[in-house]
Each structure stands twice: as C-alpha cells, then as structure tokens.
Amino acid sequence: LPQVSNEEAGEGEVLLSNQPRKREPSFLRALLTTFGPYFLIGSFYKLIQDLLSFVNPQLLSILIQFVSNRSAPAWWGFLVAGLMFGCSIIQTLILHQHFQYVFVTGIRLRAGITGVIYRKALVITNSAKRSSTLGEIVNLMSVDAQRFTDLVNFLNMLWSAPMQIILAIYFLWQNLGPSVLAGVALMILLIPLNGVEQMGYKDSRIKLMSEILSGIKVLKLYAWELSFSQMIEKIRQGELQVLRKMAFLNAVSTFTWFSVSLITFAVYVSVDDKNILDAQKAFVSLSLFNILKFPLNALPQVISILTQTSVSLKRIQHFLNHEELDPQCVETKTISPGHAITIENGSFTWAQDLPACLHSLNLQVPKGSLVAIVGPVGCGKTSLISALLGEMEKLEGKVAVKGSVAYVPQQAWIQNATLQDNVLFGQPMDQKRYQGILEACALLTDLDVLPGGDQTEIGEKGINLSGGQRQRVSLARAVYSDADIFLLDDPLSAVDSHVAKHIFDHVIGPGGVLGGKTRILVTHGVSFLSQADLIIVLGDGRVSEAGSFSALLQQEGAFAEFLRNYVPDDDNFQEEDSEILLMEDTLSNHTDLTDNEPVTNEVRKQFMRQLSTLSSEGEGPGRPSTRRRVGPVEKKKTLESAVTRGELIQAETAEMGTVKLSVFWAYAKAVGLCISVTVCFLYTCQSAAAIGANIWLSDWTNEPVINGTQSNTSLRLGVYAALGILQGIFVMMSSFTLAIGGIQAARTLHNNLLANKMHSPQFFYDTTPSGRILNRFSKDIYVIDEVIPPTILMLLGTFFNSASTLVVIMSSTPLFVVVILPLAGLYIFVQRFYAATSRQLKRLESVSRSPIYSHFSETVTGASVIRAYRRSQDFMAISDAKVDANQKSCYPNIISNRWLGIRVEFVGNCVVFFAALFAVIGRQSLNPGLVGLSVSYALQVGALSSSAPWVIEGSRPPPDWPHQGEVEFVNYSVRYREGLELVLKNLSLRVKGGEKVGIVGRTGAGKSSMTLCLFRILEAAQGEILIDGVNIASIGLHDLRSMLTIIPQDPVLFSGTLRMNLDPFGKYSDEEMWQALELSSLHKFVGSQPQGLDFECSEGGENLSVGQRQLVCLARALLRKSRILVLDEATAAIDLETDGLIQATIRSQFEGCTVLTIAHRLNTIMDYTRVLVLDKGTIAEFDSPTNLIMARGIFYGMAKDAGLA
C-alpha cells in the first residue's frame, strides 16, 4: 500500500509546517486536509443509498394494494416484485461501495496517526517525556488511533441519520397522520446520552502493567506479586463499574423500542373511530419504523464515539504539541579551530520548570584528546553528556560540537535484534574491522558462551545478556560507528576490573582503537585518570576543577584530597605504580569514614599487611595487561528449540483452522453456564412473543370493516399491547442477564490472565516480548470488555430474528420451502468460505500488530541513542514498514467483508424477492467466527506454564525461620530450562550462620544462577538446598522469598511514591523508613524533597540517578532485616564514596546475618570470612581470602589482575 506511506509523510509535513506559527497547530485540520476528499466520495454513495432505502416501503404499499385488489392484472404484481428485487440489489452494491471508501479512509487514518506519533516521539524533550509515560504514549498509538478508525465508519451517520429520520416521519405521516408523533416522541426520549469515559482507568492499568513486566524479576525476588496484583485489581474494579453502568442503560433503552409501534397504532386507533388499521397501513408503517430504528439507534452511538474520539483527539493534539528538542541547541558547523567541543558559559536544565542542574559551564576540549569527568553521585556528569547531545534545555550560553557523535549511555540500550545488528547499528558490514572491535571490547569469549554466536537474538532490553555484556555491546556499537567524538557515560562500571583494564587499554586509552579520536569519559575508577589528557571535576553542577592529572595534584584541591583518600601514603604517589592505583578499587571508603570508623581502618591495615606479605610479582609497572581476561557475570539463557540459530523470542503464532468449540465453551463458562442458558431461553421467548404479535396484527388487519369502523378494537389493541410489552420485557431481561454475564466474564478472564502472568516462571518473561503480553492486557481485554458482549447480543438477535422470519413465512406460504433449501445452501457455502479467510486475516492482523508497539516502545526508550547516532530517519522507515505489514492484512480483511456482505445480502434480496408478498425481513448475517476469534486469543494466553504455589498450607516454616541463617547446598544441580545443559553441577557446600561469603568466578561460571536458586527462580534438577535444615523446595515461594533479601544487579523502581517502593504492603512505620534511609545515606536527598517519603518516583525511577536507585534498594534490604542477605554485584554503578558507605552499612547493620556477595570489585570481599570460586558450574576453591592467595590458584590470578596480589 504505497499510498499509505505517502499520506503519512504528507501528514507529518502538514503538522510540522504548522509548528512555527503562534496559534496552536490543529491536528484536526491536518487530518481533514489529508483524508477529507477521499472520504467525501464515500459520503456521496451513502446519500444515494439512503434515498433508495425509502423506495421499498412504497413498493410494498403498492404490492399490498395489488393483493387486496383482485381485479388487477398479474404482470403488475410480478413487476412490483421485480422492482423490489432490483432496487435491493442496487442498494446493496452502492452501500458496499460506500463502506469500501470509509474503511479504507479508516486504515489510512490509523497509519497516518501512528506514523506521526512515532515521528513526534523521536523529537520530544525530556520534560515532555516525563508528562506522558511510555504506557500512555503506546496507548495513543494503539487505542486512540483505533478510535479514529472506528469513528470514520460512523461519521456519515451525523448527516445521514437526521435525513433518514425526517423522510421516514414524512412517509409515516402520510400513512397514519398526526398519531405518528406519539411514536416518534417516544423514540426521541430514548436517545440515551450515555457515552461514559473509561480511558482513564485503562491508561493507568496498562501503565502499571508495563512497569510490572519490566520489573518482574524484582517482584519475584521480593515476593511482592500480591500487592501489585491488588493495585491492578483495584483499577480494574473501577473500569468494570463503568462498563456495568453502560450495559444497564443499553438494556433499558432496548425495552422501550418495542413500545414504539404499539403506541403509534394505539393512538391511531383510539383518536377516531373512522381510523381503520388495514394491512397496507400496518405493514408499510412497520417497515418504515424499521428504517427509523437504525438511524435513531446509531445517533447516540455516533455521539458517544464522537465524544470519545474528541478526547483522543485532544490527547494526541496535546502530545503532538509537546516541545521538541531544539536542533539548533548545539552548534555543529562552526567551532574555534583545534577544538572538538566547546561550551561557553552554558547553563542547562532538564525541564523549563526545574532548576538548572548545570550552571555557567566553560569547557574547551581539543581535538583528539581524552577527557575524564569525575565527581560524586548526582553531581551532573550524565547531564553534561546529555547537554553535549542536545538532550537538555539550554538556558544560556553556547555549545559547539564538531563532527559525528557516538554515545554510550550509562544504562545500555539494546535492541531486540541479533548481537551483530546491535553492533553494526545500520552501518555496512566490514568483517575485519568488526572482528577487531569485538576483540577489543572483550566480546569474543562471550560469543563462545552465547548459543548462536553473534547471530544470537537478544531479547527486549537485552534481557538475555548480563549487565557487563550489554555495556560492552553498547560500546562496540559506538566504536564501530567510527564517529569523530565519543561520549562515554561510565561504560566501565558494569564490568569487572580486569575487563575494565582490558577495555581501557584496547579501546579508550591512548593506545586503544580510539586513540586519535576525541573521547569524553565519565568514570568512577581512579586508576585510569593518570592517562587522561584533561580531568574535569564536577560538583553540584559546576566545574570545580579542571586540568591534567599532575596539575590537579599540585593544586591541593578537592581532587587531590579525593585521591589521597584512596591511597594511604604520599610516597606511593607515582603515576607508574599501577598496583597502588588499582587499590582505589579496594579501599573503598570516604573522607568522613577515615577517622571515626574503626572497622574500615582495621580493614585497611589488615589489607596493607596482606599486600606486603605477598610477593608482588605483578605485571611490570604501568605496562598494559596483555593477557586477556574477560569476566562479566550471569550465565546465558538459551532456548531449547532454537538453540542452533540462537533465537530467543518465540514468534507469536496465529492459531490455524476453525475456532475450536472449546473456546466458545470456555467463554460460556466464564460468563456462567446458568446465565448462558437463561439468555438463550429468554431470546426464544422473545421471538415467540414477536411472532405472536405480528400474526395477531395481520389477523386484526384482515378483520372486516362494518360501516366505516372495526368492531372490538379494544380487545385487539389489548392483546397486541400485551404481546408487544411481553416481547419488550424479554428483550430487556436478556440484555440485563447478558450484561451481567459479560462483565462477569470480563472479570474472570482478566483475573485469570493476571494471576497466570504473576505465577509464570521467570524464563517465560525472558522469552516473550513484553509488547505481546501488554497487547493481551490492552487489546484483547478491550475486546472481551467492549466488543464481545454487543457482538453476542447482535448474533443472538439476528439468529432468532431470522428463525422467526422463516417460521412466519413458512407458515403463511408453505411453497417457500422449495426456495429456502437452495438459498440456505448458498448462504452456508458463502459463509463457510468467508469465515475461513476472514479468521486467518484477523489473526494475521493481530499478530502483525504487536511488533509495531514493541518497536515503538523500544524506540521511545532508546530515543537519545537513536538521535545521537542520527538514525531517526532509518527508524521511521522501520516503523513504517511494520505498519505497512499490518495494513497488508487489514486491507484484504476489509475487502473480504465487502465480498461477504454483497453475497449474503444477495441471498437476503432473493428471500425478499421470493417472499415479496410478506413484510420485508431483516437481512443481517451472523458471524460467530469473529466472536470466537477474540476469545480464542484471550484464552490462548491462559494456557501457559505456571510456577510453584506461593504458599503451601501444610508445610509453612516456623515464624522466626531462618533463625541461624545457615545455608547448605547438598549435591545440587540446576539448568535454566528443560533440554539445556546443567549450569551448576553437584554443588555441595555449607555456609554457617553469620558468615560473610564472597562468590567470584569468570563469565558463565554460574554465580548469578547460584543466587537465583536460593530464591527458587530456578528449580533444582537434582539435590536440595537447606536453610536452617528446612528444604526450601518443600515450602511456598512467598514464605521462602519474603525471608531472604537480595540487592539485585539492576536497581528497579516502580512509579509511585518512595514509600510504596520501600514497602508496598505498608508493614513498616515512618520512623523505621527514615532510619533505613539514614543508614543508606539517602536521608539528605529525601529530606530535601518537599514531599518527603511521598516523593513521586517517575516510571522506572528515571528521576533518580542510577546510584540513588541502588541506595533505595539498599534501604529496602535494611527494612526487611532478614537473616540472609544476597548482594548481586550491587555496587557496580556506584562511585567509590557511596560504595564505601554501602559496605560500611552492610558490615554494621548485618553483623549477625549471613551475607553472600557476588563481586566484581574483589576488594569488597577481601575481609570476608570465606570466598567461593566457581568455575564452569563447579566449586573450584572455597576458603578464606588469605589462604586462597597463599594457595596461588584461580583466585590468586584474579586478585593479581585486579592489582590486589
């Protein structure tokens, strides 16, 4: 569909060209100019069709006259029947021509809106991003764009409905005179104005859901699933309340429908004895009332859709009016000669309403130099990098950056693509360079571990790579881009010290791949500073000092003080002495701690003693380490099936074949079997009443007229009224029961889906893109809430209508049987043929929809990277291609609906033709296939595997368990999933209560797996783990997980208050929380916020720095105060001061507890009681650090790499 993408581009231009003018650009005007003309053609067809629909009642009246006038010639009757048939056929053709135009406008609209939202998302400022979270933006694309498509289908009703109503009333007036007004008045009273808003609930539910999915591992580790499920259920409650209200209003309005013709006839007959109700009047009026019914019903629907769309329009308009990043903010053309980057008197802020976080900066970076930026957590290092990228809002000053830029963010952004695509990032492949870069970034050993080498597909957000690997892939991407300027935001924090050294020597440092380029490196490691050309020390958003390493030392300023802190005696201060410099990694403590903190001083002395006793046959001073050691953590997870190709994400499958009966059955069960049976019964009664009423009416009209009046009018009217009201009551009751049932089903299905997702084991999340899970929670739940119940109503209505029509015709003209069989055959054939096609198309459409949203949410998270590499255009093209793929299944779907409509209506027209002597009958086609489809989708998700129970009633551990905190592994083995090899092999070890044990080992040695086993995120393949003698496999997951505490590798926060993040169940008092914050040194930060503990964290904790988030995780652990604490590289992203604080806090607060630490910085575990060295899933060494160093084994080698031996 090439025209679609042109339209999109056109629309984008329309929007953008409106930007500069002062008045608000109108999204509506843009839509009208783009899509208006095409839509109007459709409206023209609609006009003709409306006029034609009034021809048939006139023909009917002639036909009835013909029947009652015996002397009329026969050809006259045939002519009328033929005309009726011809008229219906023309009407059908024209109507579908109109639908075609309307629906195509609809899908074009959706493509255009999706395109323009995508383009806008790439250029909005960070403050704008804060005001609409990822969940909301994705909702704009999925729900709001869909709203427009729905509206377009109804839009013509705005003029067509009033026109039809006026014409119908005119003809009725001719027939029955002023009595018509009684019926019409009632109809108008009925237009229920009930467009209730439920978007708000949906938004907040999806937003919360998307956060839960991104932090699912943390929820599992902390056993917090329950409190989050409750939060979602609460929102859902409100959503269903609104639905219920709508359903009841609908039910009441359907009831009154049936009284319309009743009242009209009653008034007509009672006003004057001379008014005779004969067949012509009665049935012509009925057919006119039937015409009236549609526009009157549609009007309120159109109005409610209009109000909803206007809300959507406002939301999209608001989003498109967000400020955009100023492309002129950073000067790229001119710069003072010899410099690559200059900032003159620059002040920057993240949002206009926030205070500036960088003040009066002056900075000149000569071409080709290596600049290090250092400073404490939260001093604006990352902000400085963002300012250079033009991501921040400039308040004053000038920034100039000359040349192309490559950017490595602090938290790596990885696409859901192969590892190779992530590194190439759109550049052409150059094998030799590519290999060299992988080598330099220390990625080759990881490729051996990954199942498909560099063709391994990486999950969303890089879920199947460890933190260190993600960071190195991100670095490799930057290096491969071969830009002029490299902005590296702390790329070395996530890797261990010998890999950091390797990367510095081979990539970033003077002798590395990037030797002659301009590099700006934010770092916490002191060891590399001596090799930087210029060091910039930031403090509170200002440059506190700047200069070369030696110059800064002579200044005796804050920097010299900072360094002094990490290196005990002055005499050792020679640049060459890499060993001592590398000790910064070790003596992680801070000025404030030196004098008043005896613990750390003891540690320092002991450590110095160890150093001197060991022979220091280290690598020669200052020589770059040539041995290649690589060691990020976390064993890779691979998928059994696609192991060879290294694919991770399972493709979303569309079920083939017919919708299984079990699906209908499941929906009926969700509704409640009683309710299902009741509804069918009520419908049968209602049809019976309707048939009764019509037969009675025809009988009445045939009653002889005696001197100008009919006898016993009141009896006739009474029975007709009774039957009519009865029918109305049945209809109302059936709508009520169906509404209750539908809401019941919506509740049950959503709760099952939610419970199922909360119980799904971790690997399910590693292999399923979150976009797909979200699609289930947004799109499919919407279908169950708002699409299925009305569809079922229509389906039942149509089915019973057709049945009763046939019964009436057959009983009045038995000959009709001859015609009915071939027609039924034709109808069934067409229906079967269509259902098969339509079902597949529908499924394809649904499957091709998820990637649009997945790609979109990926783009929004990585917007700054995409902009830095100037790849926005390519990403727009990718998005357009995904939209086009989705359109390709939408379009045939629309056409196939037209195909079906014309054929089914043809069958209907034949029925009309053959039954021309009887009332014109309903020609709707029923299509259960589509109903089953949505349900089958919703239930498909329910059928996934589930993890162990949360609480096992029979075997709950004693309340004060674990008392000692003793952990024992007995002959323990584990694998990630069935069919993969073991990650841990026959581990047997025992950790006594209160011991501090460090866990080290190379990449893939199984360190993280070991901690995951403690929490039973991985279940044992054989053997067992005992905690205080209790086998952990015998108790419920929540009992186990709530008694252990972990500080995970990536700190995850949820949007909400800080209090909720620390304590979602509301177990602790404010004092306890403040005390925990005090100990985790966040007290000052939180105290300075006006809201205090109710400080709002934004989505994913974006408004806290990574270091602060890590401290919040520490505060969580301090609150729980459990006997066993696990640290999974918890201090990787933190500067040394904070690291020191955390270590000191852990030593003092968790003194009697068992602590297991996975360490990158070996210094953090040098004073532990024992160190466990893992190698390929088995225990290589397990002893105290001093003994291990004496033993000269693996640990000694690692310590030597880190400069600790």
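Residues numbered from 1 in each chain as written. Predicted model: local features only at pLDDT ≥ 70, side-chain atom pairs only at ≥ 80, totals over all residues. Heavy atoms only, no water.

**Student:** How would you sum up the overall build of the chain? Please name residues and give values.
**Tutor:** Scanning the chain from terminus to terminus reveals 42 helices and 21 strands. Expressed as a percentage of its 1205 residues, the buried residues of the chain come to 58%. Counting contacts in the chain only where the partners sit at least 6 residues apart, residues at least 24 apart contribute 81% of the total. For the chain, the exposed surface amounts to about 47,500 Å²; the carbon and sulfur share of it is 61%. (Helix = DSSP H or I, 4+ residues; strand = E, 2+ residues; numbered from the N terminus. Buried < 20%, exposed > 50% of the residue type's maximum accessible area, 1.4 Å probe, protein only. Contact = heavy atoms within 4.5 Å. Areas by Shrake-Rupley, 256 points an atom, 1.4 Å probe, with all protein chains shown as cover.)

**Student:** Could you give an account of the pattern of salt bridges, naming the residues involved and the relevant values?
**Tutor:** Here the structure, examined in full by the defined rule, presents 20 salt bridges. Aspartate 446 is paired through a salt bridge with arginine 472; the nearest N and O atoms lie 2.1 Å apart. Of this pair, aspartate 446 sits in helix H17 (residues 444–449) while arginine 472 sits in helix H18 (residues 467–480), and the two are 26 residues apart along the sequence. Considered together, aspartate 446 and arginine 472 belong to a single accessibility category, that of buried residues. With a closest N to O distance of 2.9 Å, arginine 1147 and aspartate 1167 form a salt bridge. (Salt bridge = Lys/Arg side-chain N within 4 Å of Asp/Glu carboxyl O.)

**Student:** Could you give an account of the packing of aromatic side chains, with specific residues and numbers?
**Tutor:** Using the criterion set out here, one finds 22 aromatic pairs in the structure. Summarising the aromatic geometry, the rings of phenylalanine 228 and phenylalanine 1054 are spaced 4.7 Å apart at their centres and angled 50° between planes, so their arrangement reads as tilted. Taken as a pair, phenylalanine 228 in helix H11 (residues 225–257) and phenylalanine 1054 in the loop between strand S15 (1044–1047) and strand S16 (1056–1057) lie far apart in primary sequence, 826 residues in all. With relative accessibility at 0%, the residue phenylalanine 228 sits in the buried group. Grouping aromatic residues by their ring pairs yields a cluster made of Tyr38, Phe44, Tyr45 and Tyr101. The ring of tyrosine 480 is capped by arginine 433, whose NZ or CZ atom sits 4.4 Å from the centre of that ring. (Phe/Tyr/Trp six-rings, centres within 6.5 Å; stacked < 30°, edge-to-face > 60°. Lys NZ or Arg CZ within 6 Å of the ring centre and 35° of its normal.)

**Student:** Quick one: what's the story with the packing of helix H39 (residues 1106–1120) against helix H40 (residues 1136–1149), residue by residue and with numbers?
**Tutor:** Contact geometry of H39 with H40 gives a least axis separation of 12 Å together with a crossing angle of 5°. Considering the angle they form, H39 stands roughly parallel to H40. On H40, the residues touching Leu1111, Leu1114 and Leu1118 of H39 are Thr1138, Ile1142, Thr1145, Ile1146 and Gln1149. Grouping the constituent residues of the contact of H39 with H40 by class yields five nonpolar, three polar and no charged. (Axes fitted to C-alpha atoms, helices over the stretch in contact; angles between N-to-C directions. Parallel < 35°, antiparallel > 145°, perpendicular 65-115°, else oblique. Nonpolar A, V, L, I, M, F, W, Y, C, P; charged D, E, K, R; others polar.)

**Student:** Account for the nonpolar core, naming residues and giving values.
**Tutor:** Counting 121 residues, the largest nonpolar core has Leu487 and Ile535 as its most contacted members. With eight residues, helix H4 (residues 74–121) is the single largest residue contributor to this core. Not counting residues within four places of it along the chain, the set of residues in contact with isoleucine 535 comprises Ala372, Val374, Leu529, Glu545, Ala546, Gly547, Phe549, Leu552 and Phe559. Formed by 44 residues, the second largest nonpolar core is a distinct cluster that contains Leu1062, Leu1093, Phe1150 and Tyr1168. (Core = buried A, V, L, I, M, F, W, Y, C linked by side-chain atoms within 4.5 Å.)

**Student:** Summarise the sheet that holds strand S7 (residues 518–522); cite the residues concerned and give the values.
**Tutor:** Pairing within the open sheet is mixed, and its six strands lie in the order S5-S6-S7-S3-S8-S9. Only two strands of the sheet have a single neighbouring strand rather than two, namely strand S5 (405–408) and strand S9 (542–547). Taking each pair of neighbouring strands and ignoring which way they run, the sheet shows an average axis angle of 15°. Pairing geometry for strand S8 (residues 534–539) and S9, over five bridges, is antiparallel. Each bridged residue has a counterpart across the sheet, and for glycine 539 the counterpart in S9 is arginine 542. Together, S5 and strand S6 (485–489) form the strand contacts of H18, whose direction differs from that of S5 by roughly 175°. This element, helix H19 (residues 497–508), spans strand S3 (370–374), S6 and S7 of the sheet and lies at about 160° to S7. (Pairing = 2+ DSSP bridges.)

**Student:** Requested: an account of helix H7 (residues 157–176), with residues and values cited.
**Tutor:** For H7, spanning 20 residues, the distance from its first C-alpha to its last is 27 Å, which sits close to the expected 28 Å at 1.5 Å a residue. Regarding H7, the residues found buried are Met157, Ser160, Ala161, Gln164, Ile165, Ala168, Ile169, Phe171, Leu172, Asn175 and Leu176. Note on H7: the residue one or two positions beyond its end, glycine 177, has a positive phi of about 70°. (Expected span 1.5 Å × (residues − 1).)

**Student:** Tell me about a positive patch on the surface, and please be specific about residues and values.
**Tutor:** On the surface, Lys333, Lys367, Lys402 and Arg870 cluster together to form a positively charged patch. Inspection of the secondary structure assignment puts lysine 367 in the loop between strand S2 (358–366) and S3. Accessibility expressed as a relative area gives 59% for lysine 367, which makes it exposed. (Patch = residues over 30% accessible without salt bridge, like charges linked within 9 Å, V, L, I, M, F, W, Y side chains within 5 Å. Lys, Arg positive; Asp, Glu negative; His and termini not counted. Charge placed at Lys NZ, Arg CZ, Asp CG, Glu CD.)

**Student:** So what's going on with the environment of leucine 109? Which residues, and what values?
**Tutor:** Note that leucine 109 resides in helix H4. Under the relative-accessibility criterion, leucine 109 is labelled buried at 6%. Once the C-alpha coordinates of leucine 109 and phenylalanine 148 are considered, the two residues, 39 residues apart in sequence, prove to be 7.1 Å apart. Beyond its immediate sequence surroundings of up to four residues, leucine 109 is in contact with Leu31, Phe35, Phe148 and Val152.

**Student:** Go over helix H37 (residues 1070–1079) with me, naming the residues and quoting the values.
**Tutor:** Of all the positions in H37, only Met1073, Ala1076 and Leu1077 are classed as buried. The buried residues of H37 occupy one face: seen down the axis, they fall within an arc of 100°. Exposed residues on H37 whose side chains face more than 90 degrees from its buried face are Glu1071 and Gln1075. Here the buried face of H37 lies against helix H36 (1058–1062), helix H38 (1083–1088) and H39. Backbone geometry just after H37 places serine 1081 at a positive phi near 50°. (Arc of directions from axis to C-beta.)

**Student:** Any chance you could break down the pairing of S5 for me, citing the residues and the numbers?
**Tutor:** Burial along S5 is two-sided: the residues Val405 and Tyr407 and Ala406 and Val408 are all buried. Note that S5 and S6 share four bridges and pair parallel. Note that in S6 the partner of valine 408 across the bridge is leucine 488.

**Student:** Mind laying out the pairing of S7, listing which residues take part and the relevant values?
**Tutor:** Taking burial as the measure, the five residues of S7 include five buried ones, the bulk of the element. Pairing of S3 with S7 involves four bridges; the strand directions are parallel. Along S7, the bridge assignment pairs valine 371 with isoleucine 520. Sheet analysis places S6 next to S7, joined by five bridges and oriented parallel. If you follow phenylalanine 486 over to S7, its bridge partner there is arginine 519.

**Student:** Account for the sheet that holds strand S20 (residues 1170–1175), with residues named and values stated.
**Tutor:** Read from one edge of the open sheet, six strands run S15-S18-S19-S12-S20-S21, paired in mixed fashion. Strand pairing shows two members of the sheet lacking a second neighbour, S15 and strand S21 (1178–1183), which therefore form its edges. Taken over all neighbouring pairs, the strand axes of this sheet differ in orientation by 20° on average, direction set aside. With five bridges joining them, S20 and S21 adopt antiparallel strand pairing. Note that in S21 the partner of valine 1171 across the bridge is aspartate 1183. Along the sheet face, helix H42 (residues 1194–1201) touches strand S12 (996–1001), S20 and S21 and points at about 100° away from the line of S20.

**Student:** Tell me about unusual backbone geometry, and name the residues and values.
**Tutor:** Of note in the backbone geometry, aspartate 482 takes a positive phi value of approximately 50° without being a glycine. Note that aspartate 482 resides in the loop between H18 and S6. The partly exposed category is assigned to aspartate 482, whose relative accessible area is 44%. Positive phi values are uncommon outside glycine, yet aspartate 540 reaches one of about 50°. Secondary-structure assignment places aspartate 540 in the loop between S8 and S9.

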